[in-house]
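# Report on the structure
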Amino acid sequence: MKLQAASKKEISRIALGTLVCDGIMVAALFLLSEFGIGTFSLPRILLGAACGSLVAIANFTILCLTVQDAVEIESKKKMKQKFQLSYNLRLIVQAVWVVAAFLIPQVHFVAGAAPILFPNVVILFLQIRGKLVSDDGKAPPAQPEAKATEQDEEDDHPGPFEV
């Protein structure tokens, strides 16, 4: 599947923001080492930051592809299954990376695991700054909440640990 232009733009924004967060993280790890908290090994930190950022950006890209693909699905149940499968697989990939970052001695664990959170930080930053806007430069209008219909089932409303 090919990425749409809007998805490419968002992925590039997330990638750039993740790289900025990587720089801040490296500086913070250096400052902590200057105060005697941990050791600063630049090659280990850069390897961890690069690999962790790659996992985070790939995760966001897969999310974009899943959303693009799911929009074409007519059945609400099949769409939900597709999102759930994508969520579970992306979560497993992230967990495997965090365990690998812990087990691989050439990778700084914090520098490898922290970038997984950076896309969330970037999205939050963009929301606070009001930069999540449409192409015409206007913020997307708030959608009124639709009232629940009798067709909604309890399993259509995921709990706090479901998507």
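Refer to the structure printed above.
Residues numbered from 1 in each chain as written. Predicted model: local features only at pLDDT ≥ 70, side-chain atom pairs only at ≥ 80, totals over all residues. Heavy atoms only, no water.

If you tally the helices and strands in the chain, you get five helices and zero strands. Listed N to C, the secondary structure of the chain is α-α-α-α-α in terms of helices and strands. A separation of at least 24 residues holds for 70% of the contacts in the chain among residues at least 6 apart in sequence. Of the accessible surface of the chain, which amounts to about 11,500 Å², a share of 67% is contributed by carbon and sulfur atoms. (Helix = DSSP H or I, 4+ residues; strand = E, 2+ residues; numbered from the N terminus. Contact = heavy atoms within 4.5 Å. Areas by Shrake-Rupley, 256 points an atom, 1.4 Å probe, with all protein chains shown as cover.)

Evaluation of the coordinates by the stated rule reveals two salt bridges. Among the ionic pairs, Glu10 bridges to Arg13, the shortest N-O distance being 3.1 Å. Of the two residues, Glu10 and Arg13 both sit in helix H1 (residues 5-34), three residues apart, roughly one turn of that helix. Since its relative accessible area comes to 23%, Glu10 is described here as partly exposed. For Arg13, a relative accessible area of 19% gives the class buried. Between Asp69 and Lys82 there is a salt bridge, with its nearest N and O atoms 2.8 Å apart. With Asp69 in helix H2 (residues 42-70) and Lys82 in helix H3 (residues 76-103), this residue pair connects regions lying 13 residues apart in the sequence. Among the residues examined, Asp69 registers a relative accessible area of 26% and is labelled partly exposed. (Salt bridge = Lys/Arg side-chain N within 4 Å of Asp/Glu carboxyl O. Buried < 20%, exposed > 50% of the residue type's maximum accessible area, 1.4 Å probe, protein only.)

Applying the stated criterion across every chain, the model contains two aromatic pairs. Both rings, one in Phe30 and one in Phe40, keep their centres 5.3 Å apart while their planes meet at 80°; by these two values the pair is edge-to-face. You can see Phe30 sitting in helix H1 and its partner Phe40 sitting in the loop between H1 and H2, a full ten residues away along the chain. Judged by its relative accessible area of 38%, Phe30 falls in the partly exposed class. Given the relative accessible area of 30%, Phe40 is considered partly exposed. Pairing Phe102 with Phe109 gives two aromatic rings, centres 5.6 Å apart and planes at 85°, and the pair type is edge-to-face. Owing to a relative accessible area of 60%, Phe102 belongs among the exposed residues under this scheme. (Phe/Tyr/Trp six-rings, centres within 6.5 Å; stacked < 30°, edge-to-face > 60°.)

Further remarks concern a nonpolar patch on the surface. Among the surface-exposed residues, Phe30, Leu31, Leu32, Phe35, Ile37, Phe40, Leu42 and Leu46 lie close enough to one another that they form a single nonpolar patch of about 770 Å² accessible area. For the nonpolar patch, the secondary structure elements donating two or more residues are H1 and H2. The element that contributes the greatest number of residues to the nonpolar patch is H1, accounting for three residues. (Patch = residues over 30% accessible without salt bridge, like charges linked within 9 Å, V, L, I, M, F, W, Y side chains within 5 Å.)

With respect to the secondary-structure elements, Thr61 resides in helix H2. A distance of 2.8 Å separates the side chain of Thr61 from the backbone oxygen of Ile57, its partner in a polar contact. (Polar contact = N/O pair within 3.5 Å; in protein donor to acceptor, adjacent residues only side chain to side chain.)

Turning to the environment of Val121, a few remarks are in order. As for its placement among the helices and strands, Val121 is situated in helix H5 (residues 118-129). Between the C-alpha atom of Val121 and that of Cys21, which follows or precedes it by 100 residues, the distance is 8.5 Å.

Considering the arrangement of structural elements, one finds Ser7 in helix H1. Excluding residues that lie within four positions of it along the chain, Ser7 makes contacts with Cys64 and Gln68.

The next thing to look at is H5. The terminal C-alpha atoms of H5, which comprises twelve residues, lie 16 Å apart, in line with the 16 Å expected from a rise of 1.5 Å per residue. Listing the buried residues of H5 in full gives Phe118, Pro119, Val122 and Leu126. Angularly, the buried residues of H5 cover 105° about the axis, an arc narrow enough to put them on a single face. The exposed set on the far side of H5, more than 90 degrees from its buried face, consists of Asn120 and Ile128. Elements that come into contact with the buried residues of H5 comprise H1 and H2. A positive backbone phi angle near 75° is found at Gly130, which sits one or two residues after H5. (Expected span 1.5 Å × (residues − 1). Arc of directions from axis to C-beta.)

Take it as geometry only, folks, not as evidence of what the structure does.
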